[in-house]
Amino acid sequence: MNVKLTTDTIAPSLRRLLAKAENAEPAMRAAATVVTSLARDAFTNEAVRPSAWAPLRPFTLARKAELGYGSKPLIASGVLARSPRTIETSRTHALVGSDRRVGDYSLAAIHQLGAPKAHVPPRPFFPFSAAGKATETARRRVRDVLLRWLRK
């Protein structure tokens, strides 16, 4: 005797997750918020930076002192530190960035990746390596946010 059972049903919990995933934009927005929060925190919290920042050169320290700024890298007026934001979200992705520019150049990109010709070392604050890999902290926090969203 042979018995063949065929069914096209899925568990209700899986059906609910699949339906939720059809509109994942809220989850992408939450993930982007995590990334921008980490980027903003990196200005004052070394622990969330993707790598250590090079110290400022004496010339830069002197110039910052003349302008009344502190001696911390990347912190003068605080505008760059406040600039990480969500640029765009959809159900499949989130794009984060900064609108701070120096002429035709992205100030965030200059500091994230460095500018060797201008003698600016990388001082990354977005939680990604130069190769684009997210830090362990960013991966963990985004994963936690996405799992919480799925459980709602």
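For the structure, see preceding data.
Residues numbered from 1 in each chain as written. Predicted model: local features only at pLDDT ≥ 70, side-chain atom pairs only at ≥ 80, totals over all residues. Heavy atoms only, no water.

Turning to the overall build of the protein, a few remarks are in order. When helices and strands are counted, the protein shows six helices and four strands. When the helices and strands of the protein are listed from N to C terminus, the series reads α-α-α-α-β-β-β-β-α-α. On C-alpha atoms alone, the protein measures out to a radius of gyration of 22 Å, which is more than a quarter above the 15 Å that the 2.2 N^0.38 rule sets for 152 residues. Across its three principal directions, the C-alpha atoms of the protein cover 90 × 25 × 25 Å. In the protein, the proportion of contacts linking residues at least 24 apart, taken out of those at least 6 apart, comes to 56%. (Helix = DSSP H or I, 4+ residues; strand = E, 2+ residues; numbered from the N terminus. Rg over C-alpha atoms; globule rule 2.2 N^0.38 Å. Contact = heavy atoms within 4.5 Å.)

Helix α6 (residues 136-151) packs onto helix α2 (residues 25-41) with a crossing angle of 150 degrees between their chain directions and a minimal axis gap of 9 Å. Taken together, the axis directions place α2 and α6 in an arrangement best described as roughly antiparallel. Judged by the twist between their axes, the crossing of α2 over α6 is right-handed. Residues P26, A27, M28, A30, A31, V34, V35 and L38 of α2 form the contact with α6, whose own contacting residues are T137, A138, R141, V142, V145, L146 and W149. Here the residues of the contact of α2 with α6 sort into 13 nonpolar, one polar and one charged. (Axes fitted to C-alpha atoms, helices over the stretch in contact; angles between N-to-C directions. Parallel < 35°, antiparallel > 145°, perpendicular 65-115°, else oblique. Left-handed = near helix turned anticlockwise from the far one by under 90°. Nonpolar A, V, L, I, M, F, W, Y, C, P; charged D, E, K, R; others polar.)

Before going further, it helps to spend a moment on a nonpolar patch on the surface. The grouping of I10, L14 and L18 at the surface amounts to a nonpolar patch, some 240 Å² of accessible area in total. Mapped onto the fold, L14 is located in helix α1 (residues 12-22). (Patch = residues over 30% accessible without salt bridge, like charges linked within 9 Å, V, L, I, M, F, W, Y side chains within 5 Å. Areas by Shrake-Rupley, 256 points an atom, 1.4 Å probe, with all protein chains shown as cover. Salt bridge = Lys/Arg side-chain N within 4 Å of Asp/Glu carboxyl O.)

Counting residues in hydrophobic clusters, the biggest one holds 18 residues, and the most contacted among them are F43 and F125. When residues of this core are traced back to their parent elements, those giving at least two are α2, α4 (79-82) and α6. A total of five residues in this core trace back to one element, the largest contributor, which is α2. With near-sequence residues (within four places) excluded, F125 lies in contact with L38, A39, A42, F43, W53, L74, L80, P84, A108, H111 and Q112. (Core = buried A, V, L, I, M, F, W, Y, C linked by side-chain atoms within 4.5 Å. Buried < 20%, exposed > 50% of the residue type's maximum accessible area, 1.4 Å probe, protein only.)

What follows concerns the packing of aromatic side chains. Applying the stated criterion across every chain yields a total of three aromatic pairs. Of the aromatic side chains, those joined through ring pairs into one cluster are F43, W53, F125 and F126. Lying over the aromatic face of W53, R49 brings its terminal NZ or CZ to 3.5 Å of the ring centre. (Phe/Tyr/Trp six-rings, centres within 6.5 Å; stacked < 30°, edge-to-face > 60°. Lys NZ or Arg CZ within 6 Å of the ring centre and 35° of its normal.)

One can find A108 in helix α5 (residues 107-113). Separated by 18 residues in the primary sequence, A108 and F126 place their C-alpha atoms 8.7 Å from one another. Excluding residues that lie within four positions of it along the chain, A108 makes contacts with L80, S98, R100, F125 and F126.

A word on the side chain of T135. With respect to the secondary-structure elements, T135 resides in the loop between α5 and α6. Beyond its immediate stretch of four places on either side in the chain, T135 contacts P50, P127 and F128.

With that settled, consider the pattern of salt bridges. Counted by the stated rule, this structure contains four salt bridges. For D99, the salt bridge identified is with R85, shortest N-O distance 3.0 Å. With D99 in the loop between β2 (94-97) and β3 (101-102) and R85 in strand β1 (residues 85-89), the pair connects residues that are 14 residues apart, well separated along the chain. Taking relative accessible area as the criterion, R85 reaches 32% and is therefore assigned partly exposed.

We now examine the pairing of β2. Relative to β2, β1 runs antiparallel, the two sharing four bridges. Across the sheet, the residue bridging to R85 is G97, located in β2. Linking β1 to β2, which pair antiparallel, is a turn of four residues. (Pairing = 2+ DSSP bridges.)

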